[in-house]
Amino acid sequence: MQGVTKSYDGEPALADVSIAIARGEFAFLIGTNGAGKTTLLRILLREEPFDSGVVLVNGVDVSRIRGAALTKFRRRIGVVFQDTRLLPNATVRENVGLPLQVRGRANREIDVAVDDVLGRVALSDKGERFPRQLSGGEQRKVALARAVISKPDVLLCDEPTDSINPAHAREIIGLLLDINSEGVTTLVATHDSEIVNNLRRRVIRMDAGTILADEAVGVFNTS
Amino acid sequence: MTAKLNVLRYVLGAAMLGLWRNRTMTLGAVVTTAVMLVTLAAFLAINDTLNEMVTALGRKSNLIAYVRDDARPSRVTEIMQDLEQRPGVGEVVFVTKEDALRIFQERFFDQRDVIDILQANPLPASVELRMDDPAVLPALADELRGMTGVFESVAVPLDVVERLVSISNVSRAAGTAMIVALTAVALFVIANTIRIAVYARRQEIEIMKLVGATDWFVRGPFIIEGAFIGLVGATLAAVALVVMYLQVAPTITRLISFLPIATDVSFVRNLAVFIVLVGLVVGSIGSYVSVRRYLAV
Ligand SMILES: Nc1ncnc2c1ncn2[C@@H]1O[C@H](COP(=O)(O)OP(=O)(O)OP(=O)(O)O)[C@@H](O)[C@H]1O
Ligand SMILES: [Mg+2]
C-alpha cells in the first residue's frame, strides 16, 4: 500500500501510510490503542473505504473492486476480527464451516475440513456449542479456525491472542507460523509484547496513523 | 454446478429456519397478505362483471330507427351512407322485415303460432346504429325523427347505456386504485416483516459478506421467505375465493340471472392463479428491496 490516507469524520486515522508485504511473508503490526492497526486491516479487506493512496492486495487494486469481484477478492483472504464476529445463532462447527458453506462446498467436504481445523485449534470437543457458551479465548480460536479453513492466500489477524493466556497464545502463534509456512502471507496486529519479542520477526510499528518503524527483526518496546 | 446446488440447499434450509424462528411474524404476514388478496380478488370480480355488462350492452344497438314500409329503398341507402360518415358513429346495419321476423321468432319461440297465423309480416325494417361515442346520440336521434317520410319512429335506449358507461368508468378507476393500494399494502406488510428479520440478522449478513458470500447467498433466504409468505397467503386467499364462489355464485346467478355476472369457473380459476402469482411476486420483490441496503458491506 502506497500513501494511504483515511479519516473518520475529519479525524485522521491513517496518514500517508506506505508498506509492502511480500507474498508468503509474516509480519506483526504493533502500536498503541487507536494507532490505526484495525483501520489498516479493514482497508486491506476492502471493508472500509479510504481517502487517497493506492492499495494492492494479491495484485488487485482495492479501490477498483466492484460487485461480484468483491466476493472473489475476499475469498482469497482469511480474517480474524478483533471482535471475532462469530454468528451468535450458529454452532462452532457451523461458524467454522461458513466460509466453505458460502462457497457452495458439499456438507461432507465441509465436515472433514471442520474436523481438521478444530483439531488444530484444540476445540474438537466444543463443536456443537454456541459462541456464547465459550470463553473469550475459545471464541478467538474459533475465529482463527474460520479464517484458515478456506486456505486463503492472505491471513489478516487482529489481536488473535487477545484474552488468551500465554500458554495458549504461544499455541495460537505457533499455528499462525505453521499456516504461514504453508505459503500464506500473514499480517498480525497485536499488543502481545512477549510474543513479538520471542519470535524475532518483521515488526511494523504504528502510531497515530503513521508508520513509525518497520524492522526486519523487530522487538516490542513501549517507549 | 454442484456448488450451485449446495448453495440452493443451504438457501432453502436457511429460509425455512428463518420462517420458523419468526413464526409469529410469519403467521401475521401470511394472514394479512391473504386478507389483502381476498379483497383484491373481490374487487377484480366486481370490476370484471361491470365491464362485461357494459360490453354486453355495447354490443346491442344504441339507436334503432324503424323504417316506414312505404319508404323509398334508395333514400334509405342514401341516409345510411351519410350516417356512416358521421363522427362518433361506429356501425350502421340494415335489418330487413324478414330479418326482424326471424329475430322475433327466435326470441319469442313460444308465441311462434301467433305469428304464423298472421297473413303479412307486421314488423318494420330498421336501421340500427352502434355508436363509438354515445354523446352524439341525442342530436342524431332528433335529426332522424325529423325525417317523417322515411322513419316511423326512433328508439334510443340512451339512459341505460350512459349510466352504465359512467358506472363502469368510475368502477374501473376505483378498481384500479384499489388494486394498486392493496398490492402496495401487501408489499409493505411483507417487506416490513422481512425488514425486521433482516435487521435482526444484519450482523450475520455483514459477516457472511466478509467471509466471501455472494449477494445472492445472503439475499436468497430472505427472498425465499418473502416468496413463501406471499405464496402461502395467496394460496389461502385463493382457497377462500373458490369456497366463496361455490357458496355464493349459485345464489347470485339465481337472483340476477339477466346479468352476465362473471361467475364461471374459468374466471375464478384464473383469478386464483393470478392471486397466487401476485403473492409470489409481491413477496419476492418485498424482500429483495428490504435486503438491498444491508448488502453494501
Ligand atoms: N468506525 C469508526 N468511526 C470513527 N472513528 C473510528 C472508527 N474506527 C476507528 N476510528 C478511529 O480511528 C483511529 C484508529 O482506530 P483503529 O481501530 O484503527 O486503532 P487500533 O490501532 O486498531 O487500536 P486498538 O489497538 O485499540 O485496536 C482511532 O482514533 C479510532 O477512534
Ligand atoms: Mg484494533
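To be clear, the structure that these remarks concern was listed above.
Residues numbered from 1 in each chain as written. Chains lettered and ligands numbered in written order. Predicted model: local features only at pLDDT ≥ 70, side-chain atom pairs only at ≥ 80, totals over all residues. Heavy atoms only, no water.

Draft legend 1. Region of interest: the overall build of chain B. If you tally the helices and strands in chain B, you get ten helices and four strands. Put simply, chain B has 297 residues, and 39% of those count as buried. Summarising the internal contacts of chain B: among those between residues at least 6 apart in sequence, 85% fall at separations of at least 24. Total accessible area on chain B is roughly 16,600 Å²; 65% of this is exposed by carbon and sulfur atoms. (Helix = DSSP H or I, 4+ residues; strand = E, 2+ residues; numbered from the N terminus. Buried < 20%, exposed > 50% of the residue type's maximum accessible area, 1.4 Å probe, protein only. Contact = heavy atoms within 4.5 Å. Areas by Shrake-Rupley, 256 points an atom, 1.4 Å probe, with all protein chains shown as cover.)

Draft legend 2. Structural context of unusual backbone geometry. Residues and elements named next belong to chain A. In this structure, T84 takes a positive phi of about 55 degrees despite not being glycine. On the secondary structure map, T84 appears in the loop between β7 (77-80) and α3 (92-102). One non-glycine residue, K151, adopts positive backbone phi at about 50 degrees. Within the secondary structure, K151 is located in the loop between α5 (136-148) and β8 (154-158). What makes K151 exposed here is its relative accessible area of 65%.

Draft legend 3. Fine view of the sheet that holds β8(A). All names here are of chain A. Read across the sheet, six strands follow the order β7-β8-β9-β3-β10-β11 without closing on themselves; strand pairing throughout is mixed. Two strands bound the open sheet, and with one partner strand each, they are β7 and β11 (210-215). Each strand axis lies, on average, 15 degrees off the axis of its neighbour in the sheet, ignoring direction. (Pairing = 2+ DSSP bridges. Axes fitted to C-alpha atoms, helices over the stretch in contact; angles between N-to-C directions.)

Draft legend 4. A look at the site of ligand 1. All names here are of chain A. What surrounds ligand 1 is a group of 13 residues, the closest being N33, G34, K37, T38 and T39. Here an oxygen atom of ligand 1 sits 3.2 Å away from a polar atom, N or O, in the main chain of A35. At 2.9 Å from an oxygen atom of ligand 1 is found a side-chain nitrogen or oxygen belonging to Q82. For ligand 1, whose unbound accessible area comes to 630 Å², protein coverage reaches 62%. When residues in the shell around ligand 1 are grouped by element, the largest group, three residues, is from helix α1 (residues 37-44). Considered class by class, the residues forming the shell around ligand 1 number three nonpolar, eight polar and two charged. (Near = heavy atom within 4 Å. Polar contact = N/O pair within 3.5 Å; in protein donor to acceptor, adjacent residues only side chain to side chain. Nonpolar A, V, L, I, M, F, W, Y, C, P; charged D, E, K, R; others polar.)

Draft legend 5. Quick look at the layout of surface pockets. As a volume, the largest pocket reaches approximately 680 Å³. Considering the residues around the largest pocket, the lining is formed by 29 residues, among which E94(A), Q101(A), Y10(B), A14(B) and L17(B) are closest to the centre. The set of elements that each furnish at least two residues to the lining of the largest pocket consists of α3 and α4 (107-120) of chain A together with α1 (2-21), α8 (202-210) and α9 (215-255) of chain B. Within the lining of the largest pocket, the residues separate by chemical class into twelve nonpolar, nine polar and eight charged. (1 Å grid on protein atoms, 1.4 Å probe; cavity = no way out; pocket = protein on both sides within 12 Å on 5 of 7 lines; lining within 4 Å. Points joined across faces, edges and corners; volume = space filled by probe spheres on them.)

Draft legend 6. The environment of V54(A), seen in detail. Residues and elements named next belong to chain A. Looking at the secondary structure, you find V54 in strand β4 (residues 52-54). In sequence terms V54 and N33 are 21 residues apart; their C-alpha atoms lie 25 Å from each other. Beyond its immediate chain neighbours, meaning those up to four positions away, V54 contacts M1, Q2 and V4.

Draft legend 7. Summary view of the coordination of the magnesium ion (ligand 2). Residues and elements named next belong to chain A. At the metal site, the magnesium ion (ligand 2) is ligated by T38 (OG1) and Q82 (OE1), and these contacts range over 1.8 to 2.2 Å. Residue T38 is found in helix α1, and its partner Q82 is found in the loop between β7 and α3; the two are separated by 44 residues along the sequence. Overall, Q82 belongs to the partly exposed group, its relative accessible area being 33%. (Donors = N, O, S within 2.8 Å, 3.2 Å for Na, K, Ca; no water.)

Draft legend 8. View of the pattern of salt bridges. All names here are of chain A. As enumerated under the stated definition, the model contains 26 salt bridges over all chains in all. With a shortest N-O distance of 2.8 Å, R202 and E25 are connected by a salt bridge. Of the two residues, R202 sits in strand β10 (residues 202-207) while E25 sits in the loop between β2 (11-17) and β3 (26-31), which places them 177 residues apart along the sequence. For R202, a relative accessible area of 11% puts it in the buried group. Here R170 and E194 are joined by a salt bridge, their closest N and O atoms 2.7 Å apart. Of this pair, R170 sits in helix α6 (residues 166-181) while E194 sits in helix α7 (residues 193-199); the two residues are 24 residues apart in sequence, bridging distant segments of the chain. (Salt bridge = Lys/Arg side-chain N within 4 Å of Asp/Glu carboxyl O.)

Draft legend 9. Quick peek at the packing of aromatic side chains. The full count for this structure, using the stated rule, is three aromatic pairs over all chains. Here the aromatic rings of F26(A) and F28(A) are separated by 5.3 Å at their centres, their planes lie at 80 degrees, and the arrangement is edge-to-face. Residues F26(A) and F28(A) agree in their burial class; the two are buried. Ring centres of Y10(B) and F217(B) lie 4.3 Å apart, and the angle between their planes is 10 degrees; on these two criteria the pair is classed as stacked. (Phe/Tyr/Trp six-rings, centres within 6.5 Å; stacked < 30°, edge-to-face > 60°.)

Draft legend 10. Representation of empty space enclosed by the protein within the structure. This structure, assessed with the given rule, holds one cavity of 30 Å³ or more. By volume, the largest cavity amounts to about 90 Å³. Taken together, 13 residues make up the lining of the largest cavity; nearest its centre are I77(A), G78(A), V79(A), R146(A) and V211(B). Broken down by secondary-structure element, the contributors of at least two residues to the lining of the largest cavity are β7 and α5 of chain A. Top contributing element to the lining of the largest cavity by residue count: β7(A), with three residues. Among the residues making up the lining of the largest cavity, the classes are represented as seven nonpolar, two polar and four charged.

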